[in-house]
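Observations on the three-dimensional arrangement
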Amino acid sequence: MSLSRELPIHMQRNGFDPVPELSAIRRREGVVRSTSPFGMDSWLVTRYADVRWVLSDWETFSNVLPIYSSPPGSPEEEDENVMRQAGNVLVVDPPEHTRLRRTVAPEFTARRLSRLEPRITSIVHDHLDELERAGSPGDLVTAFSIPVPSLVLCELLGVPHEDREDFLRYTNGFLNTAFTDEERKALHAESHAYLARLVARSRVDPGEGLLGRVTQTHGDELTDAEIVGLVSLLLLVGHETTADMLSLGTLALLQHPEQLDRLRRDPELIDPAIEELLRWLAIAHASTVKVATRQVEIAGQVINAGDLVMCSFPAANRDPDFVARPDELDITRAPSRHVAFGHGAHHCIGAPLARLQLRIALPLLLDRFPGMKLAADPEFRTGHLTHGLKSLLIAW
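Residues numbered from 1 in each chain as written. Predicted model: local features only at pLDDT ≥ 70, side-chain atom pairs only at ≥ 80, totals over all residues. Heavy atoms only, no water.

The chain goes by Cytochrome P450 in an unreviewed UniProt entry, where it is assigned to Saccharopolyspora hirsuta. One UniProt comment on the chain, placed under Subcellular location (unreviewed entry), says "Cytoplasm". (UniProt positions renumbered as here; feature names shortened; annotations may be inferred.)

For the rest of this paragraph, the subject is the overall build of the chain. Scanning the chain from N- to C-terminus turns up 16 helices and 14 strands. Relative to a compact globule of 396 residues, whose C-alpha radius of gyration would be 21 Å, the chain shows 20 Å and is just as compact. Each of the three principal axes of the chain carries a C-alpha extent, and together these read 60 × 55 × 40 Å. Burial analysis of the chain (396 residues in total) assigns 57% to the buried set. When contacts within the chain are restricted to residue pairs at least 6 apart in sequence, long-range pairs at least 24 apart make up 72% of them. (Helix = DSSP H or I, 4+ residues; strand = E, 2+ residues; numbered from the N terminus. Rg over C-alpha atoms; globule rule 2.2 N^0.38 Å. Buried < 20%, exposed > 50% of the residue type's maximum accessible area, 1.4 Å probe, protein only. Contact = heavy atoms within 4.5 Å.)

For side chains bearing opposite charge, pairing can occur when the charged atoms are close. The tally for this structure, following the rule as stated, stands at 24 salt bridges. Put simply, R99 and E226 hold a salt bridge, and the shortest N to O gap is 2.6 Å. In this pair, R99 sits in helix 4 (residues 96–104) while E226 sits in helix 12 (residues 224–254), placing the two residues 127 residues apart along the sequence. Given a relative accessible area of 21%, R99 falls into the partly exposed group. E226 sits in the buried class, given a relative accessible area of 12%. (Salt bridge = Lys/Arg side-chain N within 4 Å of Asp/Glu carboxyl O.)

Along the chain, R47 falls in the loop between strand 4 (41–45) and helix 2 (48–56). Between the C-alpha atom of R47 and that of N317, which follows or precedes it by 270 residues, the distance is 8.5 Å. Apart from the residues within four sequence positions on either side, R47 is in contact with R26, R27, R28, E29, G30, A299, A316 and D319.

Turning to the packing of helix 10 (residues 181–204) against helix 12, a few remarks are in order. Look at helix 10 against helix 12: their axes get within 9 Å of each other, and the N-to-C directions meet at 125 degrees. Taken together, helix 10 and helix 12 sit at an angle that is classed as oblique. As helix 10 runs across helix 12, the sense of the crossing is right-handed. In this structure, helix 10 uses H188, S191, H192, L195, A196, V199, A200 and R203 to contact helix 12, whose residues at the interface are D224, I227, V228, V231, S232, L235 and L236. For the contact of helix 10 with helix 12, the residue count by class is nine nonpolar, four polar and two charged. (Axes fitted to C-alpha atoms, helices over the stretch in contact; angles between N-to-C directions. Parallel < 35°, antiparallel > 145°, perpendicular 65-115°, else oblique. Left-handed = near helix turned anticlockwise from the far one by under 90°. Nonpolar A, V, L, I, M, F, W, Y, C, P; charged D, E, K, R; others polar.)

This part takes up the side chain of H97. Considering the arrangement of structural elements, one finds H97 in helix 4. When near neighbours in sequence (up to four residues on either side) are disregarded, H97 contacts V89, V92, A345 and H346.

Attention shifts here to helix 14 (residues 270–281). For helix 14, spanning 12 residues, the distance from its first C-alpha to its last is 16 Å, which sits close to the expected 16 Å at 1.5 Å a residue. Of all 12 residues making up helix 14, 11 are buried, and the element is well covered by its neighbours. Considered for burial, the residues of helix 14 that qualify are I270, P272, A273, I274, E275, E276, L277, L278, R279, W280 and L281. In this structure, the buried residues of helix 14 make contact with strand 1 (13–14), strand 2 (17–18), helix 12, helix 13 (257–265), helix 15 (313–317) and helix 16 (351–368). (Expected span 1.5 Å × (residues − 1).)

Next up on the list: the layout of surface pockets. Rolling a probe over the atoms, with the probe sized like a water molecule, indicates the empty space that remains. Of the pockets and cavities examined, the largest pocket occupies roughly 200 Å³. When contributions to the lining of the largest pocket are tallied by element, the ones reaching two or more residues are helix 5 (110–114) and helix 8 (147–157). In the lining of the largest pocket, the residues fall into three nonpolar, two polar and seven charged. (1 Å grid on protein atoms, 1.4 Å probe; cavity = no way out; pocket = protein on both sides within 12 Å on 5 of 7 lines; lining within 4 Å. Points joined across faces, edges and corners; volume = space filled by probe spheres on them.)

Any two aromatic rings considered together are summarised by their centre-to-centre distance and by the angle between their planes. Enumeration according to the criterion identifies five aromatic pairs in this entry. With a centroid separation of 5.1 Å and 45 degrees between ring planes, the pair formed by F16 and W280 is classed as tilted. Linking F16 in the loop between strand 1 and strand 2 with W280 in helix 14, this pair joins segments that are 264 residues apart in sequence. F16 gets classed as buried once you look at its relative accessible area, which sits at 8%. Positioned over the ring face of W43 is R33, at 4.6 Å from the centre of the ring. (Phe/Tyr/Trp six-rings, centres within 6.5 Å; stacked < 30°, edge-to-face > 60°. Lys NZ or Arg CZ within 6 Å of the ring centre and 35° of its normal.)

Attention now moves to the side chain of D50. Inspection of the secondary structure puts D50 in helix 2. Comment: no salt bridge for buried D50; closest opposite-charge side chain is R47, at 4.9 Å. (Lys, Arg positive; Asp, Glu negative; His and termini not counted.)

Moving on: the sheet that holds strand 7 (residues 290–292). Spatial strand order, 3-4-10-7-5: five strands in an open sheet with mixed pairing. The sheet is open, and its two borders are formed by strand 3 (31–35) and strand 5 (61–62), each paired with just one other strand. Direction of pairing for strand 5 relative to strand 7: antiparallel, over a ladder of two bridges. From the neighbouring strand, F61 faces strand 7, where its bridge partner is A292. In the packing of helix 2 onto the sheet, contacts are made with strand 4, strand 5, strand 7 and strand 10 (308–311), and the angle to strand 10 comes to roughly 125 degrees. (Pairing = 2+ DSSP bridges.)

We now examine the pairing of strand 4. With four of its five residues buried, strand 4 lies for the most part within the structure. In this sheet, strand 4 lies alongside strand 3 in antiparallel orientation, the contact comprising five bridges. Following the sheet pairing, V32 is matched in strand 4 by L44. In this structure, strand 4 lies alongside strand 10, joined through three bridges in parallel fashion. Following the sheet pairing, V45 is matched in strand 10 by C311.

Spelled out as structure tokens, the structure:
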């Protein structure tokens, strides 16, 4: 999802890093007036302890927002419509959030996800084979980082093999920065219509994937629209964040050769390396927008009931009161309680799947291309709700 207006401060990056102005806000004020991704005035919370409080206290900081009026047909209206569709657990609080989340939560347990490991490994090997056959240099973003999470989602959901080419077109299109707002709107509509057909089919023929199990187990309590909304959210946030982590994580290691060398020498570091990359990169710029339900004070600033509040993940993850040497990438660091996946009731439900993909894909990529290096300056992407790359040309 791209945004064409001038970027608010929390979405600005200097390469991997949040811009110095954001760090200065955390150091001085802690909380400032800012602009949400959809152009609404809000408070921006930057300190780790305050962010954890806001994310954990859904009764004070609700995800249920007032309806705002955007011009008909505008990108803002379309973005809001996508976010507000039925089944989106990001825009509801408990008990409605609990009702929706518990229908899919069992699909993301370690035991259930372990069934996917052989297929994830196979998908990663297949795309590394294709990348190698195409010859050096190759674009890691288009040849690997984007298609791998797409096909993993196909496996998770139980998308029929004959539909996977179209499914890849939907998920890949979400990351295509060349698309106009109209093209993106059309893609969302086409994707939504396909998912509606897939849900209807799963009620008749459940198959082996998440969709079939959800419709069989919870089909009486969930409407088709709610199931479509749940799956749409997985596509929007589950695919894009993992794709960004694969490409940015690889770039971070290439640009920190001492860290890459440590990981090559000690593969057991992969889990702490992933947690450190998640903390340091903070792919998601911010939490979803929340509304204060009562007057509170954060960092000495009075927040009134009805005010909108956002949390900056990059600023919180690099708070020196949270972790020592916060701007340093150190894969030997003990795993921290970072907020890369959020926190509290709305903590990202797909986090275990994202970690599993990174745990499989990064070591296989590094093993396949031991001499991997940058073939051109990386192209960072701007204007998205997540931080990522347009391209990453590598040679081997």
